[in-house]
Amino acid sequence: MASLTMSAMAVKPTVATPLASKKSAFAGRGVAAVAPKTATGGRASLQVLAASQKEMRDRISSVNSTKKITEAMKLVAAAKVRRAQDAVINARPFSESLVKVLFAINTRLAGEDVDVPLCDVRPVKTVLLLVCTGDRGLCGGFNNFIIKKAEERVAELKTQGVAAKLVTIGKKGSVYFKRRKDQYDLVKTFDMGQAPKTEEAQAIADEVYSEFVGEEVDKVELVYSRFVSLINSDPSIQTLLPLSKEGEICDVNGTCVDAQNDIIFSLTTEDGKFAVKGEPVETEVAGFEGVMQFEQDPNQILDALLPLYMNSQILRALQESLASELAARMNAMSNASDNAKDLSKRLTLEYNRKRQAKITAEIIELVAGASAA
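The rules we used
Residues numbered from 1 in each chain as written. Predicted model: local features only at pLDDT ≥ 70, side-chain atom pairs only at ≥ 80, totals over all residues. Heavy atoms only, no water. Core = buried A, V, L, I, M, F, W, Y, C linked by side-chain atoms within 4.5 Å. Buried < 20%, exposed > 50% of the residue type's maximum accessible area, 1.4 Å probe, protein only. Helix = DSSP H or I, 4+ residues; strand = E, 2+ residues; numbered from the N terminus. Pairing = 2+ DSSP bridges. Axes fitted to C-alpha atoms, helices over the stretch in contact; angles between N-to-C directions. Contact = heavy atoms within 4.5 Å. Phe/Tyr/Trp six-rings, centres within 6.5 Å; stacked < 30°, edge-to-face > 60°. Parallel < 35°, antiparallel > 145°, perpendicular 65-115°, else oblique. Left-handed = near helix turned anticlockwise from the far one by under 90°. Nonpolar A, V, L, I, M, F, W, Y, C, P; charged D, E, K, R; others polar. Arc of directions from axis to C-beta. Salt bridge = Lys/Arg side-chain N within 4 Å of Asp/Glu carboxyl O. Right-handed = clockwise from strand over helix to strand, strands pointing away.

Participant: I'd like a rundown of the nonpolar core, residues and numbers included.
Facilitator: Val220 and Leu241 are the most contacted members of the largest nonpolar core, which has 35 residues in total. Those elements that provide at least two residues to this core are α2 (92–108), β4 (126–132), β5 (163–169), α5 (198–213), β7 (219–229), β8 (232–241) and α6 (298–372). Looking at this core element by element, the count peaks at 10 residues for α6. With 16 residues, the next largest nonpolar core counts Leu157, Ala164, Leu166 and Tyr184 among its residues.

This is the structure we're talking about:
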């Protein structure tokens, strides 16, 4: 099949450059396509060099088949994004209620000497980074953004004289850092999966707990992509440990992560085209009575509640990261479909021009032959 330099699977529109001609499977000669830059940096008209009509028909058919695949993948990703959002929303009541319980207990214990290992603040010598990436590609720059964010954080910590350990969640991040073991201290790897569950978050939390309580690390940070919208995600670094007794989670800059209001994004149609619609959702949580009596030691209560809250935070981060990955894949497949449609249109136009030129040349030959006779 003829080789063309404009790929329909490109996530972002790019300007093709001349490729070394490859042997055609049909004609045995070099075939190439070139899309030169315009003055504004965009794409000019497609130029197909030394391609037969049959090769161009095959290429057009191949591009159209690719477009069908990318459109199907886009719809599948869109459906999965909605389920991922629902998982985040369904976990909100538990997290909200747990925060209220922690706040009420901390208010009651104000002024008392309570020793909780997960709240132990000590001089930071080593930081453990939980890096959440995806298990698969075809999602634009999603995985690259997270990996780059983690590398920047490790470099920043090294300049401050702080060592960094890594725990990766997701195959893409695991493979990347495994190949660079001489540069990074990789402690353990986990898979992200297609639907993060409590058991998976518990396994990660157990590893984090043993590292922090055993004083192997003095701080734990979570590097993941916060789900903002279907077209936007925010690679963030959030401090996971030490926890505050109020259940408040803040990022490394001291800005507290506020997830009071979630937004459900859905795909609709407007004028026959896909459109994104966002609806804020407020979670209703039953009120909590501040009057309480402790039947157990307060230390035991906090020792039970804070790990539970940490698990819920890890699970929510996994769910948000998965939703961001699916949204990025949906956008990537949308761009690929648009590129395939544009490439098919350009190739069809060029094919029709060549076919018309051939017909015109044949007519001229017939007329010239008749005149000579």
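Participant: Talk me through the sheet that holds β7; I want residue IDs and the actual numbers.
Facilitator: Strand order across the open sheet formed by five strands is β6-β5-β4-β7-β8, with mixed pairing between neighbours. Bordering the open sheet on either side are β6 (185–190) and β8, each of which pairs with just one other strand. Across the sheet, the mean angle from the axis of one strand to that of its neighbour is 25°, orientation sign disregarded. Looking at chain direction, β5 and β6 are connected through five bridges and run parallel. Bridge pairing in β6 places Val167 opposite Lys188. Packing against the sheet, helix α3 (residues 142–159) makes contact with β4, β5, β7 and β8, and its axis sits at approximately 150° to β7.

Participant: So what's going on with the packing of aromatic side chains? Which residues, and what values?
Facilitator: Within this structure, the stated rule accounts for two aromatic pairs. With 5.2 Å between their ring centres and 85° between their planes, Tyr176 and Phe177 make a pair best called edge-to-face. Looking at Tyr176, the relative accessible area reads 22%, which means it is partly exposed. Centroid distance Phe177 to Tyr184: 5.1 Å. Interplanar angle 85°. Geometry classified as edge-to-face.

Participant: Describe the packing of α3 against helix α4 (residues 171–178), listing the residues and the values that go with them.
Facilitator: Axis separation between α3 and α4 bottoms out at 10 Å; the angle between their running directions is 45°. Between α3 and α4, the angle is such that the two are oblique. As for the relative orientation of α3 and α4, their crossing is right-handed in sense. Across the interface between the two elements, Asn143, Ile147, Ala150 and Glu151 from α3 touch Lys172, Gly173, Tyr176 and Phe177 from α4. Split into classes, the residues belonging to the contact of α3 with α4 amount to four nonpolar, two polar and two charged.

Participant: Help me get a handle on α4, residues and values and all.
Facilitator: Turning to α4, its buried residues number three or more, namely Gly173, Ser174 and Phe177. With its buried residues spanning 100° around the axis, α4 presents them on a single face. Tucked inside the fold, the buried residues of α4 contact β4, α3, β5 and β6.

Participant: An account of the environment of Thr126 is requested, with residue identities and associated values reported.
Facilitator: Relative to the helices and strands, Thr126 resides in strand β4. Aside from chain neighbours lying at most four places away, what touches Thr126 is Val162, Ala163, Lys165, Glu216, Val217, Asp218 and Lys219.

Participant: For the pattern of salt bridges, give the residues involved together with the corresponding values.
Facilitator: Counted according to the given criterion, the structure contains 12 salt bridges. Residue Asp58 is joined to Lys54 by a salt bridge in which the shortest nitrogen-to-oxygen separation is 3.3 Å. Of this pair, Asp58 and Lys54 are both found in helix α1 (residues 53–90), four residues apart, which corresponds to roughly one turn of the helix. A relative accessible area of 25% means that Asp58 is categorised as partly exposed.

Participant: Can you lay out the pairing of β4 for me, pointing to particular residues and giving the numbers?
Facilitator: Most of β4 sits out of view: seven of its seven residues are buried. Residues of β4 alternate between two faces, with Thr126, Leu128, Leu130 and Cys132 on one and Val127, Leu129 and Val131 on the opposite face, all of them buried. Where β4 lies against β5, seven bridges are found, and the strand directions are parallel. In the sheet register, Leu130 faces β5, and the bridge partner there is Val167. As a crossover connection, the stretch from β4 through α3 into β5 is right-handed. Sheet analysis places β4 next to β7, joined by five bridges and oriented parallel. Along β7, the bridge assignment pairs Leu128 with Val220.

Participant: Lay out the environment of Arg226 in plain terms, naming residues and giving numbers.
Facilitator: In this fold, Arg226 is placed in strand β7. C-alpha of Arg226 to C-alpha of Ala317: the two residues are 91 residues apart in sequence and 7.5 Å apart in space.

Participant: Now, about unusual backbone geometry: what can you tell me, with residues and values included?
Facilitator: With an omega of 5°, the peptide bond between Leu241 and Pro242 qualifies as cis. Here Pro242 shows up in the loop between β8 and β9 (261–270). For Leu138, which is not a glycine, the phi torsion comes out positive at approximately 55°. Take Leu138: it is sitting in the loop between β4 and α3. In this model, Glu215 sits at a positive phi of 60°, which is unusual for a non-glycine residue. Secondary-structure assignment places Glu215 in the loop between α5 and β7.

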